[in-house]
Amino acid sequence: MMKTNRRGFIKLGLSAGGGLMLGFNWSSAVASIENFSAAATHVDFNSYLAISPEDVITIFSPNPELGQNIKTSFPMVVAEELDADWKKVKVVQAPLDTKKYDRQLTGGSGAVPHSWERLRKAGATARQMLMEAAAKRWSVSASTLTTNAGFVIHPDGRKLTYGELATEAGKLSVPADVKLKDRKDFKLIGTAVPNVDNHDMITGKPLFGLDFYREGMLHAMIQRPASFGMKLKSVDATAVKSMPGIVDVVTFKNNVAIVGKSTWEIMKARKALKVEYEKDGNIESTSDHDRLFKELLDKPDATVRRKDGDVEAAFKSAAQVIKREYQCPFLSHAPMEPMNFFAHVKADGVELIGPTQTPDRARNATATLLGISPDKITVDITRLGGGFGRRLQADYVVEAAELSSLIKAPVKVTWSREDDMMGGSYRPAVRYRFEAALDAKGNLIGYKLRGVGINAGNSTREDNFPSGAVDNLLIESVDHQSPITTGAWRAPITNFLAFAEQAFLDEVALAAKKDPVQFRLELLDRAKQTPIGAIRYDIDRMKSVINLAAEKSGWGKKKNLAQGFSVYFSHRSYVAQVAEVEMVKGNPVLRKIYAASDCGIVINKSGARQQVTGGIVDGLGHALYGQVTFKEGAAEQRNFNNYRLIRYKEVPEVEVHFVDNGIDPTGLGEPALPPTGGAVANALFKATGKRLYNQPFTLQEEMKGVKLEQKM
Amino acid sequence: MAAFSITVNGETKSVDVLPDTPLLWVLRDSLGLVGTKYGCGIAQCGSCTVHVNGNAVRSCSLPISAVGSNKITTIEGLSKNGDHPVQQAWQEVDVPQCGYCQAGQIMSAAALLSKTPAPTDEQISTAMNGNICRCGTYHRIKEAVVLASSKMK
Ligand code: FES
Ligand code: FES
């Protein structure tokens, strides 16, 4: 199933086994953020785990937490194998440490799949060492001992806490091989464990990057070009410099940084800044993209992503051809916490503190910029007020570091919401053309997809379903290079491709006079029996979520509700959804969305349900309302007044189910989002007869005069 | 710059700031009360919600000069030990994802329940609609408001 970097783990194990590291070695400034005072006697078992004689179990969570629940779920896995008492576990966000951890990043729904076995072994190894220490004390064989809730237990009932054994256990050599728990013995994994930061979050403790303040620190905001394709020509900062609280105005690259003593003074002074820009590339508007999309869809040459059989022949012989186009706009990531970072560039090193999904990238980019070695730079990871892919980029970190190096002072750079929304790295705009050829019996004999994206790279996922189930298939992509910057946005590409594909398949099923669920299942059976080309998804897993969603939603059995179906494989997991629309006085009301997910073993029931529900709300909100349009290279939506995010009144009921198949976890931060748009659009069609092709739905021609409501 | 004296969480605080400084930035930059969040600055997202004499108010759009003798309560002052019924409910339901919007959500919910201890669905949605949660925790927010309401009975 999942491959684990065994060497990585052994390396970690050896560092603990190479000698007991008594006196925990706090790297740089963890304490300043976590406010965690380490007991000097903590015994470090491995990179994830330390136990103090006072019986405090400290579990280090290396990956950035942005709401995906990693800071709770990761430690749960360690604690499970350790057989710890969760109430005694203290979780600490580890700073960047590439010697201790690999893949210390948040993205691609990959953290749990990557670390599952490592975390289990980290816990199990320590448990084994604690049992051996107890065995020595009691002069019995370790195999006669058991553990429970933080105790090692003698057959006669005597017991010792892990804390009592920690010092001795830490001196033992690390066992090369440990037995992991049988799944049926899990006590913590699979239960609902509340977020470890809940208390701090609900009482307003400083947790996020924007909450970082330090004595003597300056504040800054940066004026960047409003339009993509423009560069700085001249700056007149005279008026700004004389305004209260302003310390300096510094120009570097295309940036004008206003440095001051407080956020508001800077925000205010900024209005007096006079900057001129000049053309530095193409200046593009949304109308240009609309035209480009049409041109590039018809362009003879495109990058062929996958080709099976003879597509042209299949389309020639077809009894029926269905051809449809779908388009999505740019989106802003718009995490609730805008971009920000603290940097302090000193003569002997650099301190970076803030919200980042990729601390290592931030460090390397800063090292390159300043021409220094990465090990002169520390990165402390605060909690992230959302990320959605935006904080995979290091631009806002490097900028802060560059500014600090120029003003030779510690500084926190804060982006206003407008800066954040105009500052780029958008979900790329894409247009797709799908074509399907059906024979006289309604069999899908040919399938074509071309994606045209604006800075989208490969806008297709050529090996996704229905590839493998169709004899003749052609998947192509064309990319237009634009000065408008784009980047990964939660479930990159599939966040819209899934809608287009699942809405299209619905139409094809209708043309083939087949039930949409049956149609998909038949295609999957075909792929299983006579696979065409490589199959890069798990047919059985996909079928199981389809069946579960159909069963739980009572697919096809409801009289007064129009149901829409969708299923998608993204990253490593499978999610099927059914949306239900009821017509009330002639208007559609989106009542409910059912989700059936296969992400392997569910670690934290509460966190997992949140990821699915939140993914659905996210997918729905952006399908209904989200868009960034451009005029002369500048984003037209700049704040939440016209960049619409979904609100409380706009969510339907959501019902979440998981397939229980016991396979190792395959990730859940993104996979629930892609299917939502398709399920909703298909249900809306069934209810109203109106087909939606473009997002955001609410702004389309088809929805004119339609009053869509959602109710939870 | 001008000197202002305001009452925050039951204490009198003196600050020397520009008169048009939004309360949000006074709380964060001058008083170190960073639980109140910046999200939009234009009264659209609710991240900065505080209580002014018990009413939910967007602190990003309230200049310090307009605060006067009105009593400000922030998330830090909602309860001594984080045990206001709304805070308890938020923990029990396990509402937060990234958590950034949640202080604002809690302040909106607490203001609603102080006036309307047993709100209807409609009243909850009206009170909570001004608070955006980018992570999409709305279902749990609803559940937690209902739970908090039952705790207050
Ligand atoms: S920051 Fe005040 S409402 Fe958004
Ligand atoms: S929990 Fe992340 S914005 Fe609400």
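Remember, it's a predicted structure, so these values are computed and weren't measured experimentally.

On to the domain arrangement of chain A, then. Note: interface size is frequently given as the accessible area lost on complex formation between the parts. Residue and element names in this part refer to chain A. Its domain assignment divides chain A into domain 1 (10-187), domain 2 (209-280 + 339-414) and domain 3 (288-317 + 426-703). On a C-alpha basis, the centres of domain 1 and domain 3 stand 41 Å from each other. Listed as interface residues are 16 residues of domain 1 and, on the opposing side, 19 residues of domain 3. Taken together, both faces of the contact between domain 1 and domain 3 bury some 1300 Å²; the carbon and sulfur share is 57%. The three residues of domain 1 that bury the most area against domain 3 are Ser109, Trp116 and Arg183, which together make up 42% of that side's buried surface. Inspection of the domain 1/domain 3 interface yields 1 salt bridge. Among the salt bridges present, the one from Arg183 reaches Asp660, with a minimum N-O distance of 2.5 Å. Elements represented by at least two residues in the side of domain 1 that touches domain 3 include exactly helix 3 (70-82) and helix 4 (111-138). Element by element, the count of residues in the side of domain 1 that touches domain 3 is highest for helix 3, at 4 residues. A class-by-class count of the residues in the side of domain 1 that touches domain 3 yields 6 nonpolar, 9 polar and 1 charged.

With that out of the way, let us pick up the side chain of His139(B). Relative to the helices and strands, His139(B) resides in helix 5 (residues 138-152). Taking the relative accessible area as the measure of exposure, His139(B) reaches 16% and is therefore buried. Contacts of His139(B), omitting those with residues within four sequence positions, involve Thr613(A), Val617(A), Val651(A), Pro652(A), Glu653(A), Val654(A) and Met712(A).

Turning our attention to the nonpolar core. Tyr447(A) and Trp90(B) are the most contacted members of the largest nonpolar core, which has 170 residues in total. Broken down by element, this core gets its largest block of residues, 11 residues, from helix 14 (residues 494-511) of chain A. Excluding residues within four positions of it along the chain, Trp90(B) makes contact with Ile202(A), Val95(B), Pro96(B), Gln102(B), Gln105(B), Ile106(B), Ala109(B), Ile141(B), Ala144(B) and Val145(B). By size, the runner-up hydrophobic cluster in this structure holds 51 residues, among which are Ile57(A), Ala166(A), Leu172(A) and Ile603(A).

Residues and elements named next belong to chain A. At the junction of Phe465 and Pro466, the peptide bond is cis and its omega measures out at 10 degrees in the coordinates. Along the chain, the position of Pro466 falls in the loop between strand 20 (444-454) and strand 21 (472-480). With an omega of 0 degrees, the peptide bond between Gln695 and Pro696 qualifies as cis. Residue position: Pro696 is located in the loop between helix 18 (674-688) and strand 28 (709-710). Phi at Ser425 takes a positive value of approximately 65 degrees, unusual for a residue other than glycine.

What follows concerns the sheet that holds strand 14 (residues 320-328) of chain A. Residues and elements named next belong to chain A. With mixed pairing, 5 strands are arranged side by side in an open sheet as 13-21-20-19-14. A strand with exactly one partner marks an edge of an open sheet, and here the two such strands are strand 13 (303-308) and strand 14. Strand-to-strand, the axes of this sheet are offset by a mean angle of 10 degrees, without reference to chain direction. Note that strand 19 (residues 430-438) and strand 20 share 9 bridges and pair antiparallel. Among the inter-strand pairings, Glu435 is bridged to a residue of strand 20, identified as Lys448. Set on the sheet, helix 9 (residues 286-298) makes contact with strand 14, strand 19, strand 20 and strand 21; between it and strand 20 the angle comes to about 140 degrees.

Rules used throughout
- Residues numbered from 1 in each chain as written.
- Chains lettered and ligands numbered in written order.
- Predicted model: local features only at pLDDT ≥ 70, side-chain atom pairs only at ≥ 80, totals over all residues.
- Heavy atoms only, no water.
- Domains from an automatic or database assignment.
- Contact = heavy atoms within 4.5 Å.
- Buried area = accessible area lost by both parts, 1.4 Å probe.
- Salt bridge = Lys/Arg side-chain N within 4 Å of Asp/Glu carboxyl O.
- Helix = DSSP H or I, 4+ residues; strand = E, 2+ residues; numbered from the N terminus.
- Nonpolar A, V, L, I, M, F, W, Y, C, P; charged D, E, K, R; others polar.
- Buried < 20%, exposed > 50% of the residue type's maximum accessible area, 1.4 Å probe, protein only.
- Core = buried A, V, L, I, M, F, W, Y, C linked by side-chain atoms within 4.5 Å.
- Pairing = 2+ DSSP bridges.
- Axes fitted to C-alpha atoms, helices over the stretch in contact; angles between N-to-C directions.

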